[in-house]
Amino acid sequence: MSLCGDTWNQHEHDMDLALGILPHITPQFFVPRMFDKPQDPIVHAIDREKATTLEKRDARNLDSRDITLAQDMPALPSLSPEVLWANSVTSGDQHSDQVVSWDVLRQSHPDRSYNTPFLTEQSSDVSASAQYHMRPLPFDPRANVVCVNELELLESLRMTVLGTSSFLHTWDPVSETFLSSGGAENMPNKLLISGKDETMSSSVLKRFLDIGTLMRRLEIFLSVLRTRRKEENATVHAFSHALSVVLVYLRDQLFRGPLSNFCIPVSPKTLSATWLYYGLFEEIVVSLASLCQRGLGLSPSQYPRFTMKPVALLSRIYKYLDTHFRKSSSRSLIAVFAYLLTMSSKNYLQALCRSVAYADSNNQQVATSQQPRRTAVGPLDIEDFDQASPEDDGVLFAEDHELPSFIPRDLAEVLPAAQKSLKLLAAAKPDHPVLNPSVRRPFIPWVWSTRDIEDLWRTGSLDGVGDVAPTIGSYSPPDLASADGNLPGSDYQPDLVGFRLFDLEPGSNRDDTFNEHSMHAALENFILSFPPVLPSITPNLGLLTSLVFSPLISHAASLSSALLSIFLDQNSFLYVHDHLVLLRSHMLLTSPSFKSRLTAALFSDTDDREAVAGGGKSFALSRQRSRSAAGVAQHSTRHWAVGLAPFLIERGTWPPGGADLSFFLRTVIVESQDICSFGPDDSQEHELGSSRIAQEAEIRLGFAIRDLPSDTGRERWLNPLYIEALDFLYLDYKVPHPLEVIITPDTTSKYQRIFSFLLRVIRVESAIRAAFRMTHQDVLFPTLNQSRKLLTHFRFMAHSFVTTLSAYIFDVAIGGNFDAFLARITACRLGTSSEFTDVFSLAEAHSAVLNDILSACLMRSAQRAAGDLLRGSLELILELCVMIGDLNDGRLQEYQASSALDVLFAAFRNKISTLIKVLEVLLEKDLKSSQRQELLLALQEQSDVRHAPGGVEALRHIILRLDINEWWKNLNS
């Protein structure tokens, strides 16, 4: 009864033991009426503070006086409870609205006052009382309002936040969301937290429901992802495994949170502290759901199909990681996405490293051993050496594949060339040091710690970089060869030693396998050790990515340079300079011996159509054919294909064939190799490689017949009188592997186009020489003096045009461009120039040189008008030669040839005049041609390096050679 004793010890009470009136039950808050005058909150707050200070000071003074008076006051008599209640009944001052109870002996509300007018800053009881008084519980006919206290709510959220149904929320598999449980189908429950209104209750519940919903959706996403086995690959499998580890980690962290160990009774701050604690995990789960396309804004029917392509998946993860770096998200969130990228891209990066032989030395030796072993030594292995096709090489001529977005631009540019170079290098020199390094190279990993980044920056090596994969240090795997040696049946034969696995205890491992606990611990350590910010040397993710892939970029560049060094080695059979010289000598007819022999085999400049080709020289026929009178009569009724060798048209059919043609052409190739030279700097070492190239040239070079269309019967190549008569014949070159990367089929076709054009020019050149002999020996227009003069003048102009064109083609178009290209290769080999960084830049330069030659010869599609004029001029000259041959044979009368001669001469004059004008127009289109030509001339004066005349720019030379005084240009003016 201490409470009663304390009450009766008060000195204010009357000695007659009468009880005072019980205090009125007043509300816990009071809003005073505001005065009808301007209010000043600042002045009122100052006055209220002064009044409070004075009251406290008076109370301290009163307490000291009360204590002194209480010491002099006599002690009150003790009363029993019966007397106390009896006196209360007989008391005269009683009111009907007062309650006398032990409960009123303590205050029903705290004495402390609040200096704030906001109800939300009062205690929860005061705030709830005011809210329920002003806004009673809402009545919703479509929902059942349920009030829960904080204790019940926290117990329910403990299950809900883990994605599991609770007594307040149930998982709906149709909508994949949590619904309030306990309500009818048409009357769902609406939860209200005690002391919170509807808005605050929904706001507090939203975070926990979102976390639970997204956790459950991610688990369902993983289960669906694992069912798509046909589309699954190593990258997707690694991503699903990494995501499952992240979900296990998040579930463990959510379980360890305040919901698992809150105290009873619940303090007013428990719910707020719990809500704040799970804010970080909400951010992580929302980002993961957005990555997996399972956000809260999507219903199950709206889920897009998740990509299963490795490149798209890795690019998507990297994009999210880069976004969080830029937004300066929390360290845990960035670490989770860094972990996903590291684990998901591990297999892809390993495959990328293997594609350029950047791996462990053992793996490289295995990869190299799988390549077909070819040797470049010895002339007897040609067929086996060249059997490899581009399809067998895999990426040798394949299109570039799409790369993830995190691959640096430098690596993306050099990677295709490095992959092709690796294939070519393995074929050219399998024992190259680049393919078999003496030092072990680890795979390219992602590095995140500051120490690893600084080491990589300083050394440029990935040695010692830690792996995210777990290592279980406390567990030592049992030795199957020695464990359980005393158990019966444990002595296994060597072939059956693997069955010892079944003798282990359940749950034990024979090696350090990755279990759920170890992966969870590895992820936790990874997040804890993740740096809050990247070091200053790589302040953003892009610079860090460039640093991580820098060793791979250097290695890829070394592959290209290693292959280029083999192609520039004078002692190698693959020395590209000598192969290009061989192509120039034969397919571009720059070799005097080959050109003279080919001209003697296919053409003739004799004035006698019955003469044997070669006139008794090295190409004499094996047997003389007897010509009957019928044969002579047949010749008299047939046009003479002037300029062609007689034996080609001897059979009376076109195109010719037979063993004689094959023998002649084969003899041309074989005999022209006896004096083949590859350059003035032939040393003893160089002669070893050059001799093999010359020895194999007989096998690699060969004439063939092109399959041309012959459907209409009016094709010009079927008539020996036309300039296209020899278009069916082409020279082929069997390129040794792996030189196909430089001498590609496309460049070979360009060689063959130039070769066909040269055959046309040589045909017209032989024909005009034959016409000169016919007009010089006999008088073709004995009675028509004017026609005889016109013929002599026309023949001279035509001969001059053909001679000038031929000299321009061989000296400027071919010689100037190709010789300058060979000089660039030599400078690169000697180290005086670094123009070619890899074989592919060399191949591009090779193709560009051939394009310049085609442009200089007016053979490009953009020069069709000028090319037609040039071809038409040559056709007119050939028609002149055929007419002279018919006039010489008597098939054409003098008066008939006179009118034809006038028509041909007028047409020739117009063709040449128009050609000169068109060439000038082509030069004017190239606005920088004159400036470039002047610059090249200045460079040639200052340097010993030979510069190419170019393609369109070289047309200036033909204009100067044909029309130096602008006579043709001003002909019609």
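Note that the structure is predicted; figures quoted are calculated from it, not measured.

A. Structural view of the overall build of the chain. Per the secondary structure count, the chain includes 31 helices and six strands. Per-residue burial for the chain yields a buried fraction of 44% across its 973 residues. Taking the intrachain contacts of the chain between residues at least 6 apart in sequence as the baseline, contacts between residues at least 24 apart amount to 78%.

B. Quick peek at a nonpolar patch on the surface. A contiguous nonpolar patch, built from Leu496, Phe499 and Phe502 and spanning about 340 Å² of accessible area, is present on the exposed surface. Inspection of the secondary structure assignment puts phenylalanine 502 in the loop between α16 (450-459) and α17 (516-529). Look at phenylalanine 502 and you get exposed, because its relative accessible area is 65%.

C. Molecular detail of the pattern of salt bridges. A full pass over the atoms with the stated rule returns 22 salt bridges. Across the pair aspartate 252 and arginine 256 runs a salt bridge whose closest N-O atoms are separated by 2.8 Å. With relative accessibility at 22%, the residue aspartate 252 sits in the partly exposed group. The exposure class assigned to arginine 256 is partly exposed, which follows from its relative accessible area of 45%. Note that arginine 451 is salt-bridged to aspartate 455, the shortest N-O span being 3.8 Å. Placement of both arginine 451 and aspartate 455 in helix α16 is noted, with a separation of four residues, approximately one turn of the helix. Residue arginine 451 is classed as exposed on the basis of its relative accessible area, which comes to 52%.

D. How the structure looks around the pairing of strand β3 (residues 177-180). Here strand β2 (residues 169-172) runs beside β3; their pairing, made up of four bridges, is antiparallel. Directly across from tryptophan 171, in β3, lies its bridge partner phenylalanine 178. Taken together, β2 and the strand that follows it, β3, pair antiparallel across an intervening segment of four residues, in which glutamate 176 is found at a positive phi of about 55°.

E. Representation of helix α8 (residues 270-277) in the model. Those residues of α8 lying buried are Thr270, Leu271 and Thr274. On an axial view of α8, the arc spanned by its buried residues comes to 95°, and they lie on one face. At its buried positions, α8 is contacted by α5 (150-160), β4 (189-193) and α6 (198-227).

F. Main features of unusual backbone geometry. Following histidine 737, the chain continues into proline 738 via a peptide bond in cis, with omega recorded as 10°. Relative to the elements of secondary structure, proline 738 occurs in the loop between β6 (729-733) and α25 (745-777). Its identity is not glycine, yet glutamate 176 carries a phi of approximately 55°, on the positive side. In this fold, glutamate 176 is placed in the loop between β2 and β3. In the Ramachandran plot, alanine 357 falls in the positive-phi region, its phi being about 60° despite a non-glycine side chain. Turning to its location among the elements, alanine 357 is positioned in the loop between α12 (346-355) and α13 (361-369). Look at alanine 357 and you get buried, because its relative accessible area is 10%.

G. A look at the packing of helix α26 (residues 785-830) against helix α31 (residues 955-962). For the pair α26 and α31, the least separation of the axes is 10 Å and the interaxial angle reads 150°. By the angle class used here, α26 and α31 are roughly antiparallel. Relative to α31, the crossing made by α26 is right-handed. Counted together, Phe801, Thr804, Leu805, Ala807, Tyr808, Asp811 and Val812 of α26 and Leu955, His957, Ile958, Arg961 and Leu962 of α31 form the full contact between these two elements. Residues that form the contact of α26 with α31 fall into these classes: eight nonpolar, two polar and two charged.

H. Inspection of the packing of α6 against helix α9 (residues 279-291) at higher detail. Remark: α6 packs on α9, axes separated minimally by 9 Å, with the N-to-C direction vectors making an angle of 40°. Taken together, α6 and α9 sit at an angle that is classed as oblique. With respect to the hand of their crossing, α6 and α9 are arranged in left-handed fashion. In this structure, α6 contributes Arg207, Asp210, Ile211, Leu214, Met215 and Leu218 to the contact, and α9 contributes Gly279, Phe281, Glu282, Val285, Val286, Leu288 and Ala289. Per-class residue counts for the contact of α6 with α9 are nine nonpolar, one polar and three charged.

I. Up close: the confidence of the model for the chain. A residue-level look at the chain finds 70% of positions with pLDDT of 70 or above and a mean pLDDT of 76. Below a pLDDT of 50 lies the segment residues 65-70, which in the model reaches one contact outside its immediate sequence neighbourhood of four places, other chains included. Ignoring residues within four places in sequence, the model shows residues 102-106, a span with pLDDT below 50, making five contacts including any to other chains.

J. Expanded view of the nonpolar core. Membership of the largest hydrophobic core comes to 235 residues, with the highest contact counts inside it found for Phe549 and Phe801. Setting aside its immediate chain neighbours within four residues, phenylalanine 801 contacts Leu870, Ser873, Leu874, Ile877, Phe908, Ile912, Leu915 and Leu962.

K. Broad picture of helix α19 (residues 550-567). For α19, spanning 18 residues, the distance from its first C-alpha to its last is 26 Å, which sits close to the expected 26 Å at 1.5 Å a residue. Listed as buried for α19 are Pro551, Leu552, Ile553, His555, Ala556, Leu559, Ser560, Ala562, Leu563, Leu564, Ile566 and Phe567. On the buried face of α19, the contacting elements are α12, α15 (409-428), α16, α18 (541-548), α20 (576-587) and α27 (839-856).

L. Fine view of the packing of aromatic side chains. Evaluation of the coordinates by the stated rule reveals 27 aromatic pairs. Ring centres 5.9 Å apart and planes at 15° place the aromatic pair phenylalanine 239 and phenylalanine 306 in the stacked group. In this pair, phenylalanine 239 sits in helix α7 (residues 234-255) while phenylalanine 306 sits in the loop between α9 and α10 (310-327), placing the two residues 67 residues apart along the sequence. Summarising the burial analysis for this pair, phenylalanine 239 and phenylalanine 306 share the class buried. With a centroid separation of 6.5 Å and 10° between ring planes, the pair formed by phenylalanine 594 and phenylalanine 703 is classed as stacked. Taken as a pair, phenylalanine 594 in helix α21 (residues 592-602) and phenylalanine 703 in strand β5 (residues 701-705) lie far apart in primary sequence, 109 residues in all.

M. Looking closely at the side chain of histidine 579. Residue position: histidine 579 is located in helix α20. We classify histidine 579 as buried; its relative accessible area is 1%. When neighbours within four sequence positions are excluded, histidine 579 is seen to be in contact with Phe573, Leu574, Ile693, Tyr733, Pro736, Leu739 and Ile743.

N. Examining the environment of valine 581 more closely. One can find valine 581 in helix α20. Distance in space between the C-alpha atoms of valine 581 and aspartate 819 is 9.2 Å, their sequence separation being 238 residues.

O. Fine view of the environment of leucine 298. With respect to the helices, strands and loops of the structure, leucine 298 is situated in the loop between α9 and α10. The class of leucine 298 is partly exposed, set by a relative accessible area of 28%. Put simply, leucine 298 and glutamate 176 are 122 residues apart on the chain and 10.0 Å apart in space, counted from C-alpha to C-alpha. Apart from residues no more than four positions distant in its own chain, leucine 298 is found in contact with Arg217, Gln293, Tyr303 and Pro304.

Conventions we followed
Residues numbered from 1 in each chain as written. Predicted model: local features only at pLDDT ≥ 70, side-chain atom pairs only at ≥ 80, totals over all residues. Heavy atoms only, no water. Helix = DSSP H or I, 4+ residues; strand = E, 2+ residues; numbered from the N terminus. Buried < 20%, exposed > 50% of the residue type's maximum accessible area, 1.4 Å probe, protein only. Contact = heavy atoms within 4.5 Å. Patch = residues over 30% accessible without salt bridge, like charges linked within 9 Å, V, L, I, M, F, W, Y side chains within 5 Å. Areas by Shrake-Rupley, 256 points an atom, 1.4 Å probe, with all protein chains shown as cover. Salt bridge = Lys/Arg side-chain N within 4 Å of Asp/Glu carboxyl O. Pairing = 2+ DSSP bridges. Arc of directions from axis to C-beta. Axes fitted to C-alpha atoms, helices over the stretch in contact; angles between N-to-C directions. Parallel < 35°, antiparallel > 145°, perpendicular 65-115°, else oblique. Left-handed = near helix turned anticlockwise from the far one by under 90°. Nonpolar A, V, L, I, M, F, W, Y, C, P; charged D, E, K, R; others polar. pLDDT = per-residue confidence, 0-100. Core = buried A, V, L, I, M, F, W, Y, C linked by side-chain atoms within 4.5 Å. Expected span 1.5 Å × (residues − 1). Phe/Tyr/Trp six-rings, centres within 6.5 Å; stacked < 30°, edge-to-face > 60°.

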